[in-house]
Amino acid sequence: MNAPAGLLYLLSVGKEKELILRVHDTMPATEELVTWMEQGSVVPLHVSHEGEPSSFTYVVNFTHVVGARLAPYTTTRTSSF
């Protein structure tokens, strides 16, 4: 499995903590995230979880996303706000 391209932090309606996704392949651009949120798009993303040997497709309904941010991938501990 290739190293993740970056981290995508998603804050959804009704949640207090962000979902942290390790995105593989190409990271979405900020403009893409804005468009997906404005249009309420449903987007498949190629992601992985820490400590799992393989990646998988995760489908995100951006209708329910109220905040998103991108960050470079790091092997150090991640935090949420």
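Residues numbered from 1 in each chain as written. Predicted model: local features only at pLDDT ≥ 70, side-chain atom pairs only at ≥ 80, totals over all residues. Heavy atoms only, no water.

Q: I would appreciate a short explanation of the pattern of salt bridges in the present structure.
A: Pairing between side chains becomes possible if they bear opposite charge and their charged atoms approach one another. According to the stated counting rule, one finds two salt bridges in the structure shown. A salt bridge links E18 to R69; the nearest nitrogen and oxygen atoms lie 3.1 Å apart. Linking E18 in the loop between β1 (6–12) and β2 (19–23) with R69 in strand β5 (residues 65–71), this pair joins segments that are 51 residues apart in sequence. Under the relative-accessibility criterion, E18 is labelled buried at 11%. The exposure class assigned to R69 is partly exposed, which follows from its relative accessible area of 29%. The salt bridge involving R22 is made with E50; its shortest N-O contact spans 3.0 Å. (Salt bridge = Lys/Arg side-chain N within 4 Å of Asp/Glu carboxyl O. Helix = DSSP H or I, 4+ residues; strand = E, 2+ residues; numbered from the N terminus. Buried < 20%, exposed > 50% of the residue type's maximum accessible area, 1.4 Å probe, protein only.)

Q: In this structure, what is going on with the packing of aromatic side chains? I would like to understand it.
A: Where two aromatic rings form a pair, the distance of their centres and the angle of their planes describe that pair. On inspection of all chains with the given rule, the structure shows one aromatic pair. With a centroid separation of 5.1 Å and an interplanar angle of 50°, the aromatic rings of W36 and F62 are classed as tilted. Separated by 26 residues along the polypeptide, W36 in helix α1 (residues 30–39) and F62 in the loop between β4 (56–61) and β5 bring together distant segments of the chain. Take W36 and F62: they sit in the same class, and that class is buried. (Phe/Tyr/Trp six-rings, centres within 6.5 Å; stacked < 30°, edge-to-face > 60°.)

Q: I would appreciate a short explanation of the pairing of β1 in the present structure.
A: In summary, the side chains of a regular strand alternate between the two faces of the sheet. The buried count for β1 comes to five of seven residues, which makes it a mostly enclosed element. Looking at chain direction, β1 and β2 are connected through five bridges and run antiparallel. From the neighbouring strand, Y9 faces β2, where its bridge partner is I20. Two successive antiparallel strands, β1 and β2, enclose a turn made up of six residues, where G14 displays a positive phi of approximately 80°. Examined bridge by bridge, β1 and β5 share six bridges and lie antiparallel to one another. (Pairing = 2+ DSSP bridges.)

Q: What am I meant to see in the nonpolar core here?
A: Generally speaking, a soluble globular protein has its nonpolar side chains buried in company with each other. Core analysis: the biggest nonpolar cluster contains 13 residues, and L8, L10, L21, L45, V60 and F62 have the highest contact counts within it. Counting residues per element, the ones that place at least two in this core are β1, β2, α1 and β3 (42–48). It is β3 that contributes the most residues to this core, three residues altogether. Not counting residues within four places of it along the chain, the set of residues in contact with F62 comprises L10, L33, W36, M37, G40, S41 and V43. (Core = buried A, V, L, I, M, F, W, Y, C linked by side-chain atoms within 4.5 Å. Contact = heavy atoms within 4.5 Å.)

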